[in-house]
Amino acid sequence: MSLLNTLGIKHPILLAPMAGVSTPELAAEVSNQGGFGSLGLGASSVNVAHKQILRTQELTDQPFQVNFFCHESSALNSEVSQKWIELFADKLKEFGADVPTTLNCIYPSFKDNDDFLNLVLETKPKAVSFHFGTPHAHQIQALKNAEIITLVSATNLAEAKAIEAAGIDIIIAQGIEAGGHRGIFNETFDAAITTSDLVQLIKKNCTLPVIAAGGIMNGHQAKQFLKLGADAVQLGTAFVQCKTSSANDAYRKALFDQPLTQITASISGRPARGIINHWHKEIDTPNRPAVPAYPYTYDLGKQLHAAASKNNDYGYGAFWAGANVSEIRELEATDLINQLILEMQF
Ligand SMILES: Cc1cc2nc3c(=O)[nH]c(=O)nc-3n(C[C@H](O)[C@H](O)[C@H](O)COP(=O)(O)O)c2cc1C
């Protein structure tokens, strides 16, 4: 069966799930236009995730995917976290915020318990995708039994092979150009393969359908990936500017004003590509102390961003964006999908 039939979509275009940016409105717009809408729910509570899925189902009768994080949860190293908190203590005070005494695990992994699994089984979206690894075998089996399609991001061939061996249905080939968090399974190792090399590598060595993700901003580029063997493309950054995303004004402005991106682990504890700001310039220095594990680091990152924003300093925001952000266009999601389809014809 073709990937379009499997997913029940007209066009081989997926909206990337984007925690903190996705909304039911954006997901529904993409799905209603014949693409595959998505909800990034990795940073949501079960309750909020539930509401978002129900709202999306009210706005569209077309298929869409939901997305969760599948990292290996680790305990907080108190020595590392104390040194990290100390590094930001003066900044937090300068912005009038309290200095935390410890860091919290602000999001659980899908693997920590079956709460998100049960939510998916109850609400039955067409598909569920995962970042940072594969779910437990019993979770994959439960999704299979419920006929919910599974997708996982791979950034190298070893991850793609592990995804295939785990019984997942579709591989998302996330190249180094991609905006947001690297989907790497082991946060200390990144092969940094380009999207086009990765698509070809996985296509040659695996049998599952492959979706290309990373640096795709227009239909001409999308078509090139289909020619290389990708079964579909997934775009994130291109959709962040859409009115129905939840990006704030500072983020929207940065997308059009600042064309340079870089990967840093200092914001969340895991490497992620975003627009260069204070984090990259001031903190990502060779003498920086060790970064606490994901997502503990993100707890401090979010506190600092909140405090700085109150003082009109938006330089500590996580403005995730792909390497080709300079090609961003101001278009509503419906128009962007139509434009992509048109460009893919030529
Ligand atoms: C703002 C933003 C947030 C993201 N959040 C997630 C997420 O929650 N889950 C996920 O699997 N991928 C996430 N990603 C990565 C995307 O799935 C995808 O790999 C990436 O957007 C593709 O590169 P592009 O942004 O250049 O199109 C995010 C990307 C961006 C730009």
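Predicted model only: the values in this text are computed from it and were never measured.

Visitor: Got a sec to walk through the site of the ligand? Specific residues and values, please.
Guide: Surveying the vicinity of the ligand reveals 22 residues, the closest of which are Pro17, Asn67, Gly215, Gly236 and Thr237. Contact distances for the ligand include 3.4 Å between a nitrogen atom and a backbone N or O atom of Pro17. At 3.1 Å from an oxygen atom of the ligand is found a side-chain nitrogen or oxygen belonging to His131. With the chains in place, 98% of the 590 Å² that the ligand exposes on its own is no longer accessible. The set of elements that each furnish at least two residues to the shell around the ligand consists of β3 (64-69) and β9 (232-235). Within the shell around the ligand, the residues separate by chemical class into 11 nonpolar, 11 polar and no charged.

Visitor: Tell me what's going on with the pattern of salt bridges, and back it up with residues and numbers.
Guide: Counted by the stated rule, this structure contains 13 salt bridges. Linking Asp284 and Arg288 is a salt bridge whose minimum nitrogen-to-oxygen distance equals 2.7 Å.

Visitor: Outline the pairing of strand β11 (residues 272-275), listing residues and values.
Guide: Bridging between strand β7 (residues 180-181) and β11 involves 2 bridges; their strand directions are antiparallel. Paired with Gly180 across the bridge in β11 is Arg273. Pairing analysis gives 4 bridges linking strand β10 (residues 261-264) to β11, with the strands arranged antiparallel. Among the inter-strand pairings, Ile263 is bridged to a residue of β11, identified as Arg273.

Visitor: Summarise the environment of Thr150; cite the residues concerned and give the values.
Guide: With respect to the helices and strands, the residue Thr150 is situated in strand β5 (residues 149-154). Separated by 123 residues in the primary sequence, Thr150 and Arg273 place their C-alpha atoms 25 Å from one another. Residues within four places of Thr150 in sequence aside, it is in contact with Val128, Phe130, Leu143, Gly167, Ile168, Asp169 and Ile170.

Visitor: An account of the packing of aromatic side chains is requested, with residue identities and associated values reported.
Guide: Two aromatic rings are characterised by how far apart their centres lie and by the angle between their planes. Within this structure, the stated rule accounts for 15 aromatic pairs. Ring centres of Phe88 and Trp279 lie 5.5 Å apart, and the angle between their planes is 50°; this geometry places the pair in the tilted category. With Phe88 in helix α4 (residues 78-94) and Trp279 in helix α12 (residues 278-283), this residue pair connects regions lying 191 residues apart in the sequence. Taking the relative accessible area as the measure of exposure, Phe88 reaches 2% and is therefore buried. When the ring of Tyr107 is compared with that of Tyr294, the centres are 6.4 Å apart and the planes differ by 55°; the resulting orientation is tilted.

Visitor: With reference to specific residues and values, describe the pairing of strand β4 (residues 127-131).
Guide: Of all 5 residues that make up β4, 5 are buried, and the element is covered over most of its length. In β4, alternate side chains face the same way, and those of Ala127, Ser129 and His131 on one face and Val128 and Phe130 on the other are all buried. Two elements, β3 and β4, share 5 bridges in a ladder whose sense is parallel. Residue pairing across strands places Phe68 opposite Phe130, the latter belonging to β4. The pairing of β4 with β5 spans 4 bridges and is parallel. Note that in β5 the partner of Ala127 across the bridge is Ile149.

Visitor: Describe the sheet that holds strand β2 (residues 37-40), listing the residues and the values that go with them.
Guide: Read across the sheet, 8 strands follow the order β1-β9-β8-β6-β5-β4-β3-β2 without closing on themselves; strand pairing throughout is parallel. The open sheet is flanked by β1 (13-15) and β2, the only strands paired with a single partner. Ignoring strand direction, the axes of neighbouring strands in this sheet form an average angle of 25°. With respect to the sheet, helix α3 (residues 46-59) is in contact with β2 and β3, its orientation differing from that of β3 by roughly 165°.

Cut-off values and rules
- Residues numbered from 1 in each chain as written.
- Predicted model: local features only at pLDDT ≥ 70, side-chain atom pairs only at ≥ 80, totals over all residues.
- Heavy atoms only, no water.
- Near = heavy atom within 4 Å.
- Polar contact = N/O pair within 3.5 Å; in protein donor to acceptor, adjacent residues only side chain to side chain.
- Areas by Shrake-Rupley, 256 points an atom, 1.4 Å probe, with all protein chains shown as cover.
- Helix = DSSP H or I, 4+ residues; strand = E, 2+ residues; numbered from the N terminus.
- Nonpolar A, V, L, I, M, F, W, Y, C, P; charged D, E, K, R; others polar.
- Salt bridge = Lys/Arg side-chain N within 4 Å of Asp/Glu carboxyl O.
- Pairing = 2+ DSSP bridges.
- Contact = heavy atoms within 4.5 Å.
- Phe/Tyr/Trp six-rings, centres within 6.5 Å; stacked < 30°, edge-to-face > 60°.
- Buried < 20%, exposed > 50% of the residue type's maximum accessible area, 1.4 Å probe, protein only.
- Axes fitted to C-alpha atoms, helices over the stretch in contact; angles between N-to-C directions.

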